[in-house]
There are 2 protein chains.
Amino acid sequence: MNIGEIARRAGVSRSTVSYALSGKRPVAAATRRRIQDVIDELGYRPNATARALKEGRTRTIGLVIPPAGNRLSHMQLDFVAAVVDAAARVDLDVLLSPSGGDHDRSFERLVSEGRVDGVIVMEIRLHDTRVDRLRQAGLPFVGIGHTADERAMCWIDVDYARLIGHSVRHLADLGHRKVALISRSKELVASGYGPALRAREGFTAAIAERGVRGVEVTCGDDARSGQESIEELLRAHPDLTAVTTINEAALPGIQRALADAGLAVPSDFSVTGVAARLWAEDFRPPLTAADVPALEMGEQAVSLLVQRIAEPGTPPRHILLAPPISLRSSTGAAPAVRG
Amino acid sequence: MNIGEIARRAGVSRSTVSYALSGKRPVAAATRRRIQDVIDELGYRPNATARALKEGRTRTIGLVIPPAGNRLSHMQLDFVAAVVDAAARVDLDVLLSPSGGDHDRSFERLVSEGRVDGVIVMEIRLHDTRVDRLRQAGLPFVGIGHTADERAMCWIDVDYARLIGHSVRHLADLGHRKVALISRSKELVASGYGPALRAREGFTAAIAERGVRGVEVTCGDDARSGQESIEELLRAHPDLTAVTTINEAALPGIQRALADAGLAVPSDFSVTGVAARLWAEDFRPPLTAADVPALEMGEQAVSLLVQRIAEPGTPPRHILLAPPISLRSSTGAAPAVRG
DNA sequence: TTGTATGCGTTATCAA
DNA sequence: TTGATAACGCATACAA
């Protein structure tokens with residue numbers, strides 16, 4: 001069933017049906033009614049493909065997610081859900097593309113076949129071939145995270161340097177003299193993953209500022225790795241009394257390893273970091289942490305993209321979020337003695 | 001840039017370019033080369049929208065996920081990832097639709113605007129209006145879970161009755177005399193959520209068969225609810241020594257509440273259930289559970305849908321999975337005394 | 001071996 | 001107030 005069928009049954013031309021639907025041209029009340037009756041009866045909806053071809057836009061955005069191999073973290077998941085929800089609210093559909101490498105057919109379809117009006121890219125690297133490709137294709141896009149040339153693209157990101165700096169100072173103020181940063185996986189850091197590098201910056205600066213000792217370790221994005229990281233840290237650094245992390249997925253392992261070592265949080269050992277709120281609250285005891293507002297970020301990313309699609313020429317906007325650290329129960333005064 | 005531009009630059013007609021691309025008509029080697037050179041130079045890819053309009057299919061499938069309000073469980077997440085991955089492997093794109101209620105614009109777009117060739121629907125209810133709508137629209141679809149009239153649709157599902165039955169018998173064999181089933185949320189159960197109802201069936205049958213006592217409770221899909229469920233169960237049933245569950249998201253809470261109550265797993269208390277494998281392995285101690293093969297299910301769902309799209313007339317196929325229970329460390333002999 | 005012409009379903013311009 | 005028609009970019013039947 002198509003617009004011609006509706007027109008035939010209502011005894012009008014196709015253009016009149018189209019105008020009755022869009023309201024872009026006045027249609028006599030009686031005619032409009034007749035058309036609407038037929039439409040209601042048949043349950044007609046204009047074909048999205050034909051409309052997209054004619055209008056030159058698809059009313060669809062692409063969301064490029066990390067490939068399924070590495071399972072998504074809660075934060076990433078929340079972000080996907082937020083994007084999909086925010087897009088639905090403005091009647092945009094979301095096309096998902098699991099994409100990591102360069103020779104990715106799904107991603108390539110997205111950017112070069114005109115399937116979407118714009119793209120949101122997650123997990124941006126400092127030098128990201130996907131960004132290069134999108135720029136070359138002239139497709140509007142928004143990054144979650146940004147490349148080395150900050151000003152050249154539109155992005156929304158979390159200020160990891162500042163947040164990790166905050167958390168280190170918080171720990172130092174509580175009397176901790178040696179603090180570890182549990183970062184993301186070795187591969188990710190090596191490939192130039194911005195958040196990890198900026199977390200290191202913030203860590204190093206705060207360590208120096210407060211004159212405490214610091215040790216940074218990489219850690220896979222899973223509980224097991226978190227557990228191993230803590231075990232190794234405790235072994236190598238008997239005087240360690242606190243960790244801060246940007247590795248959300250490692251938290252359950254961190255929790256376990258500390259329990260196994262007989263260390264109570266926060267009386268024997270403090271834990272803090274950057275994590276999605278629900279995740280922080282699920283920690284035991286509830287995690288003192290900067291709550292990454294994934295839902296808000298998703299919403300803002302969609303909003304930025306919609307603007308960018310509407311006015312591709314304007315200078316790219318950036319949003320750098322630095323949510324406050326919520327004091328919960330996982331940090332406390334440094335223990336007098338340990339080890 | 002379009003096919004006409006390529007044709008012009010290569011000095012051939014548009015149809016020749018089209019045939020050179022599709023290979024559906026022989027093209028002289030020299031001509032083909034000339035065309036390919038132009039295509040490579042300009043990076044041309046046929047417009048997906050125009051192709052879809054012409055061919056009458058979009059090479060896109062829809063994935064209807066639960067609305068973002070209730071955050072997705074790991075199992076659901078794994079499933080989404082699996083579907084997206086499996087679809088990408090056969091060059092299908094995936095359009096995401098967060099959809100719960102009936103008045104859902106996103107879902108309505110999916111079914112009535114010809115945006116997709118077929119749909120995969122998650123979290124099917126025994127009486128599901130979305131299924132009715134899809135059937136009415138004549139759009140091929142595959143359900144994860146099935147409606148009351150099993151034979152009327154194409155689905156893939158987990159045999160919760162059998163799996164929960166297994167786990168109860170396993171517990172009974174270990175000497176447990178009173179077992180609780182921790183189900184999904186009250187609302188979900190009330191709305192006729194198949195897995196919860198079938199889990200109940202299996203539970204009731206196995207309880208009766210082995211002559212043990214059973215108690216069933218509903219529980220929200222989050223850690224806090226899991227914790228509360230255990231606390232209440234322990235209070236109301238001091239003789240309870242084991243639980244089985246289909247509520248994956250409640251597991252961390254179950255774990256905590258037991259630890260808080262000073263109950264060691266499995267020496268004091270046994271826990272078992274149905275969960276995604278990685279989730280089960282993350283439990284502490286590793287969970288004796290039926291591992292829901294979410295990745296495999298996603299792959300199979302895509303495969304079923306592709307078949308269904310190709311041959312809409314064939315009788316609907318069903319796949320009922322009953323993965324074996326993996327013995328890990330969370331179940332053991334019933335304690336001699338408790339309470 | 002290649003070119004011409006038509007139509008997919010829509011929107012929008014031009015004409016009445 | 002409405003209708004006829006062109007065009008979006010492509011694939012393909014038909015012609016040469």
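None of these values were measured; they are calculated from a predicted model. (Residues numbered from 1 in each chain as written. Chains lettered and ligands numbered in written order. Predicted model: local features only at pLDDT ≥ 70, side-chain atom pairs only at ≥ 80, totals over all residues. Heavy atoms only, no water.)

### Re the protein's contact with DNA strand C
In the neighbourhood of DNA strand C, 27 residues make up the surrounding shell, with Ile3(A), Tyr19(A), Arg25(B), Thr31(B) and Lys54(B) lying closest. Take the atoms of DNA strand C that sit within 4 Å of the protein: sugar and phosphate atoms are 51% of them. Broken down by element, the residue count for the surface near DNA strand C peaks at four residues, all from helix H2 (residues 14–22) of chain A. Here the residues of the surface near DNA strand C sort into 10 nonpolar, nine polar and eight charged. (Near = heavy atom within 4 Å. Helix = DSSP H or I, 4+ residues; strand = E, 2+ residues; numbered from the N terminus. Nonpolar A, V, L, I, M, F, W, Y, C, P; charged D, E, K, R; others polar.)

### Concerning the packing of helix H1 (residues 3–10) of chain B against helix H2 (residues 14–22) of chain B
Residues and elements named next belong to chain B. Running from N to C, H1 and H2 point in directions that differ by 100°, and their axes come no closer than 8 Å. Taken as axis vectors, H1 and H2 run roughly perpendicular relative to one another. Of the residues in H2, those in contact with Ile3, Gly4, Ile6 and Ala7 of H1 are Arg14, Val17 and Ser18. Among the residues forming the contact of H1 with H2, the class breakdown is four nonpolar, two polar and one charged. (Axes fitted to C-alpha atoms, helices over the stretch in contact; angles between N-to-C directions. Parallel < 35°, antiparallel > 145°, perpendicular 65-115°, else oblique. Contact = heavy atoms within 4.5 Å.)

### Things to note about the UniProt feature "domain: HTH lacI-type" (unreviewed entry) in chain A
Per the UniProt annotation, the sites labelled "domain: HTH lacI-type" (unreviewed entry) are residues 1–55 of chain A. Within the segment residues 1–55 of chain A, helix and strand shares are 71% and 0% respectively, and the terminal C-alpha atoms sit 20 Å apart. (UniProt positions renumbered as here; feature names shortened; annotations may be inferred.)

### Overview of the interface of chain B and chain A
Quite often, the size of an interface is put as the accessible area lost when its parts meet. In this complex, chain B contributes 48 residues to the contact, which on the side of chain A involves 48 residues. Together chain B and chain A conceal approximately 4,500 Å² of surface at their shared face, both sides included; 46% is due to carbon and sulfur atoms. At the junction of chain B with chain A, the criterion picks out 13 salt bridges. A salt bridge links Arg109(B) to Asp91(A), with the shortest nitrogen-to-oxygen separation between them at 3.2 Å. In this structure, the connection of chain B to chain A is made through 22 residue pairs in polar contact (both at pLDDT 80 or more). Contributing elements (two or more residues each) for the side of chain B that touches chain A: helix H4 (48–55), helix H5 (74–89), strand S2 (93–98), helix H6 (105–112), helix H11 (223–236), helix H12 (251–260) and helix H13 (277–282) of chain B. Looking at the side of chain B that touches chain A, the element that brings in the most residues is H5(B), giving nine residues. Here strand S2 (residues 93–98) of chain A pairs with S2(B) via three bridges, running antiparallel. By the bridge assignment, Leu96(A) is partnered in S2(B) with Val94(B). (Buried area = accessible area lost by both parts, 1.4 Å probe. Salt bridge = Lys/Arg side-chain N within 4 Å of Asp/Glu carboxyl O. Polar contact = N/O pair within 3.5 Å; in protein donor to acceptor, adjacent residues only side chain to side chain. Pairing = 2+ DSSP bridges.)

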